Every structure is written in structure tokens, then in C-alpha cells.
Amino acid sequence: MDLPVDGAFCHRLPKAELHAHLSGSVRRETLHTIWQRKQAKQQCLDLEDPSIALKPAGDYPTVVSFFQIFNKYIYRLLDDAESIIDATMSVLEDFRKDGVRYLELRTTPRAVPEQGIDYAEYVHLVREAIEGWNLARWFHNAHAYELEAHLILSVDRSMTLAQAMEVVGVAIANQEPLKPGCASRVLGVDLCGNPSVTPISHLAPAFRRARDAGLNVTVHFAETFTSATNAELEELLSWSPSRLGHAIHVPPHLIEEIKSKDIALELCLSCNVLSKLTEGGFADHHFGMWRDSRCKVALGTDDVGVFESALSNEYRLAAEHFGLSKSEVVGLARSAVSAAWAGKVRMTKLLDEFS
Ligand SMILES: [Zn+2]
């Protein structure tokens with residue numbers, strides 16, 4: 001077990017992905033196919049081919065330019081039922097092929113009034129896509145589910161409280177499986193979006209409502225210096241999140257609070273290094289600090305469609321740059337499972353069988 005870790009080992013490892021955004025996880029080839037279909041229908045004629053519009057992974061000079069890709073491009077391309085369903089199914093298939101066996105996929109509900117899509121309908125389309133894909137795989141794989149997929153609904157930092165309340169209301173209405181026998185449901189809510197948009201304190205009542213309704217909470221935390229003021233971080237911790245995304249610029253006194261409250265960390269190596277959210281290379285990533293702190297850590301891809309590093313590659317990178325043995329990599333996979341909001345028994349069994 002303690003031989004060097006390679007890509008094949010990380011690929012076979014049953015993995016739990018807890019930090020992946022749906023729109024950012026769509027492969028360029030899938031976006032290209034959707035773009036071609038829309039062009040043939042004379043739709044989105046002003047949108048460039050994704051192979052031109054999307055830059056290589058490390059070519060986003062600022063975090064703001066990265067978010068513009070979503071607001072000005074991907075969201076416009078994925079603005080009808082067929083595109084949303086196709087994109088969701090392709091994302092699930094890509095995670096499955098990478099050996100992900102448990103997925104909490106997050107998405108920000110979007111309204112497209114000209115298509116008759118509101119937040120509730122958007123989430124319904126994504127859930128139908130998950131169930132349709134799962135059913136197809138169930139028939140294909142001798143009636144066994146390969147990937148347990150759930151949803152997290154994201155509140156964008158730029159939303160008004162009324163919009164955030166609407167997202168939380170849709171999350172509450174989707175806490176149960178769509179049909180008997182289907183596992184997929186909404187497990188929690190997230191705070192995401194451009195970290196230069198502040199403040200976020202007006203959104204607190206929405207997260208309180210989510211907590212009161214039994215939903216789990218995760219938040220993007222201290223992604224940039226702008227969003228890492230003591231006031232914002234203390235505000236976010238007061239929302240009782242059980243997990244934090246990124247957690248880059250965290251002051252020492254809050255590191256102690258996070259440890260004492262046993263809050264788990266969702267850490268994304270390639271995303272942070274390639275988008276220059278962290279200084280230096282992979283070996284300088286704060287994964288090393290959090291791992292040594294004995295907090296639960298879950299490696300995640302964030303936006304594999306943009307950064308083009310699958311979860312198996314994130315495990316390989318962690319092993320390479322932090323000198324992890326195979327048993328330590330399996331331990332890291334178990335750490336992610338311990339931070340998951342469902343599916344622990346099944347994933348623990350899969351990891352026991354793998355070890
Ligand atoms: Zn994220």
C-alpha cells in the first residue's frame with residue numbers, strides 16, 4: 001500500500017467530490033456541441049465558439065475575469081431546458097468516468113423568463129437530468145447505482161435577500177427524493193460568487209432559514225483578501241457552516257475557531273494555483289497547513305471544465321507535492337467522506353473494499 005502514488009491508483013480510488021460547480025464543470029467539448037446546436041437553430045449568434053471564448057486554464061489574469069466567463073458566456077449558453085439537461089448529464093458522466101462515486105454538485109438557480117424558467121423550474125430540470133442519467137446507468141450497470149449524486153443550491157453574493165430567500169425556499173422544497181427509489185436530493189446551501197462583491201451580511205436571514213429547515217450550510221470562505229476581512233469571516237462563521245470552501249486567507253484566531261468547531265475544509269488545489277488565488281506553486285498550497293491541523297479536508301475540483309484537472313488528478317497532485325503514500329491518499333479520501341452530508345456508509349464500504 002505504501003508504494004508511490006500514480007494516476008491509475010488515484011483514478012481507481014472511490015472518491016467523494018464535495019466542491020464542484022455545475023456550470024464550471026462542463027467540458028469544453030460539451031459546451032461546443034451545445035453551441036453548435038444553438039447556432040444551427042439561429043440562437044446565441046453573438047456568442048463565440050467556446051474553443052475560442054474559453055482561455056486555457058492558467059490564462060485568467062484576475063479572479064474577476066474568471067467570473068465574467070460565467071456571467072457573460074457559460075450562463076448565456078446554458079439558458080434553455082435542453083442545454084441545462086445535456087450539460088448536467090455530461091458532468092455526471094465525466095465524474096463517473098473519473099472514479100467519483102459520491103457527488104455533491106452545487107449550482108446557482110437561474111431564471112430565464114423568456115424560456116419560462118424560474119429558480120424552481122431550473123432546479124427541477126437539473127434534478128430530472130440527474131434522475132434520468134442515474135436510471136440509464138442503473139440499467140447499464142446490472143441495476144447498481146455507480147454515482148450517488150446530490151445537489152447544493154448556491155446563493156450568489158450579488159443576490160438581494162429576496163433572491164436568496166427564494167433560493168433557500170426552492171432548496172427546502174427539494175429536500176426529498178423526486179420519486180421512490182431515487183436517492184438524489186438537495187442537501188444544503190452555499191454562498192458563492194465574485195468575492196469582490198461585498199458586503200454579504202444582508203444574506204444572513206436566508207442562511208438562518210436554511211439551517212432552521214434542516215439544510216446543511218457551506219460557504220466560500222476567505223477566497224481573496226477582499227473577502228477575508230475579520231468582519232466578513234466572523235459573519236460567515238456565525239451562519240454555522242459545517243464546511244468552508246477554499247479557506248485561503250484565514251487569520252490565526254479563526255483557524256483555532258474552525259478547529260474547535262470541527263468545521264471541514266473543501267480545498268481545490270488546481271483552481272487556487274492556476275487562478276493565482278494562492279501564491280507560489282502546488283507545494284505552497286494551504287492544503288499542507290490544514291492537513292497538519294487535523295481538520296477534515298475534502299479535495300475538490302471547483303470548476304473542472306475551466307481548470308481541466310479531474311478529481312483523480314487533484315489527489316495525484318496532493319500526493320506528488322506533499323509526499324503522500326497510498327495509505328495516506330486513501331485516508332484523504334476517507335476524510336472527504338467524513339465531511340460529506342450523505343452516503344457515508346456506502347462510501348466507507350467502497351473504500352474498505354478498495355483498501
Ligand atoms: Zn467554488
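Everything below is about the structure printed above this text.
What counts and what doesn't
Within each chain, residue numbers correspond to sequence positions counted from 1 in written order. Reporting in this predicted model follows two pLDDT cut-offs: at least 70 for local features of residues, and 80 or more for side-chain atom pairs to be given and counted; totals over whole chains, interfaces and linings ignore these cut-offs and use all residues. Heavy atoms from the whole structure form the basis of all side-chain values; hydrogens and water molecules are not counted. Patches here are clusters of residues that have more than 30% relative accessible area and form no salt bridge, with a 9 Å joining cutoff for like charges and a 5 Å cutoff for nonpolar side chains (Val, Leu, Ile, Met, Phe, Trp, Tyr). Surface exposure here means Shrake-Rupley accessible area, sampled with a 1.4 Å probe, where a residue is shielded only by the protein chains that are shown. When a carboxyl oxygen of Asp or Glu is within 4 Å of a side-chain nitrogen of Lys or Arg, the pair counts as a salt bridge. Strands here mean DSSP runs of E at least two residues long; helices mean DSSP runs of H or I at least four residues long; both are numbered from the N terminus. Each residue is assigned to one of three classes by its accessible area relative to the maximum for its type, calculated with a 1.4 Å probe on protein chains only: buried under 20%, partly exposed between the two thresholds, exposed over 50%. Pairing of N or O atoms within 3.5 Å defines a polar contact, subject to two protein rules: one partner must be a possible hydrogen donor and the other a possible acceptor, and residues neighboring in sequence count only if both atoms are side-chain atoms. The contact criterion used is simple: two residues touch if any of their non-hydrogen atoms lie within 4.5 Å. For Na, K and Ca the donor cutoff is 3.2 Å, while for all other metals N, O and S atoms must lie within 2.8 Å; water is not among the atoms, so some sites may look incomplete. Only two sets of limits are used to name each site, 85 to 135 degrees for every angle of a tetrahedral four-donor site, and over 155 degrees for opposite donors with all other angles from 65 to 115 for a square planar four-donor or octahedral six-donor site, with any other site named irregular. Note on pairing: two strands pair once DSSP finds at least 2 bridges between them. Throughout, an axis means a line fitted to C-alpha atoms (over the contacting stretch in the case of helices), and angles, computed between N-to-C directions, take values from 0 to 180 degrees. Expected span of a helix, by definition, is 1.5 Å for each gap between consecutive residues, and there is one gap fewer than residues. Think of the arc as the fan of directions from the helix axis to the C-beta atoms. A clockwise path from the first strand over the helix to the second, with the strands pointing away from the viewer, defines a right-handed crossover.

## Considerations on a nonpolar patch on the surface
Phase 1: Residues Leu135, Phe139 and Tyr145 make up a contiguous nonpolar surface patch of about 300 Å² in total accessible area.
Phase 2: Counting through the fold element by element, Leu135 comes out in helix H6 (residues 119-140).

## What about unusual backbone geometry?
Phase 1: Going from Thr198 to Pro199, the amide bond is cis rather than trans, its omega being -5 degrees.
Phase 2: Mapped onto the secondary structure, Pro199 falls in the loop between strand E4 (186-192) and helix H8 (204-212).
Phase 3: A positive phi angle is found at His246, which is not glycine, with a value near 75 degrees.
Phase 4: Along the chain, His246 turns up in strand E6 (residues 243-246).

## Points about the side chain of Ser83
Phase 1: With respect to the helices, strands and loops of the structure, Ser83 is situated in helix H5 (residues 81-97).
Phase 2: What makes Ser83 buried here is its relative accessible area of 1%.
Phase 3: A distance of 2.6 Å separates a polar atom in the side chain of Ser83 from a polar atom in the side chain of Asp80.
Phase 4: When near neighbours in sequence (up to four residues on either side) are disregarded, Ser83 contacts Ile34, Arg37, Lys38, Leu77 and Leu78.

## Brief notes about the coordination of the zinc ion
Each angle at a metal carrying four tetrahedral donors should ideally be 109.5 degrees, and each at a metal carrying six octahedral donors should ideally be 90 or 180 degrees.
Phase 1: The protein atoms donating to the zinc ion are His19 (NE2), His21 (NE2), His220 (NE2) and Asp302 (OD), with metal-donor distances spanning 2.1 to 2.3 Å.
Phase 2: Bound by four donor atoms, the zinc ion shows angles of 85 to 175 degrees at the metal and therefore irregular coordination geometry.
Phase 3: Donor residues for the zinc ion, ordered by position in the chain, follow H-x1-H-x198-H-x81-D. Here His220 is found in strand E5 (residues 216-221), whereas its partner Asp302 is found in the loop between strand E8 (297-299) and helix H13 (304-307), with 82 residues between them in sequence.
Phase 4: Asp302 gets classed as buried once you look at its relative accessible area, which sits at 3%.

## Some remarks on the sheet that holds E6
Phase 1: Read across the open sheet, the eight strands follow the order E1-E2-E3-E4-E5-E6-E7-E8; overall the sheet is parallel. Each edge of the open sheet carries a strand with a single partner, namely strand E1 (15-21) and E8. Averaged over all neighbouring strand pairs, the angle between strand axes comes to 25 degrees, with direction disregarded.
Phase 2: Sheet topology note: the E5/E6 ladder contains four bridges and is parallel. Looking across to E6, one finds that Phe221 is bridged to His246.
Phase 3: With respect to the sheet, H6 is in contact with strand E2 (100-107) and strand E3 (148-156), its orientation differing from that of E3 by roughly 160 degrees.
Phase 4: Sitting on the sheet, helix H14 (residues 311-322) is in contact with E1, E2 and E8, with an inclination near 110 degrees to E1.

## Section: helix H2 (residues 28-40)
Phase 1: Over its 13 residues, H2 runs 18 Å from end to end, which matches the ideal 18 Å to within 8%, given 1.5 Å per residue.
Phase 2: Taken together, the buried positions of H2 are Arg28, Thr30, Leu31, Ile34, Trp35 and Lys38. Around the axis of H2, the buried residues are gathered within 155 degrees of arc, so they sit on the same side.
Phase 3: Gln42 lies just past H2 and shows a positive phi near 65 degrees.

## Describing the pairing of E5
Successive side chains on a regular strand alternate, one facing one side of the sheet and the next facing the other.
Phase 1: Most of E5 sits inside the fold, with five of its six residues counted as buried.
Phase 2: One ladder, built from four bridges, connects E4 with E5; its direction is parallel. Residue pairing in the sheet places Gly188 in a bridge with Asn216 of E5.
Phase 3: Following the backbone out of E4, through H8 and into the adjacent parallel E5, one traces a crossover that is right-handed.
Phase 4: Viewed along the sheet, the connection from E5 through helix H9 (residues 230-237) into E6 turns out right-handed.

## Side note on the pattern of salt bridges
Phase 1: Per the counting criterion, the structure on display carries 25 salt bridges.
Phase 2: Residue Arg137 is joined to Glu146 by a salt bridge in which the shortest nitrogen-to-oxygen separation is 2.7 Å.
Phase 3: Linking Arg346 and Glu148 is a salt bridge whose minimum nitrogen-to-oxygen distance equals 3.7 Å. Residue Arg346 is found in helix H16 (residues 344-354), and its partner Glu148 is found in strand E3; the two are separated by 198 residues along the sequence.
Phase 4: Among the residues examined, Glu148 registers a relative accessible area of 15% and is labelled buried.
Phase 5: Three or more residues are tied together by salt bridges with common partners; here these are Glu104, Arg106, Asp190, Arg243 and Glu266.

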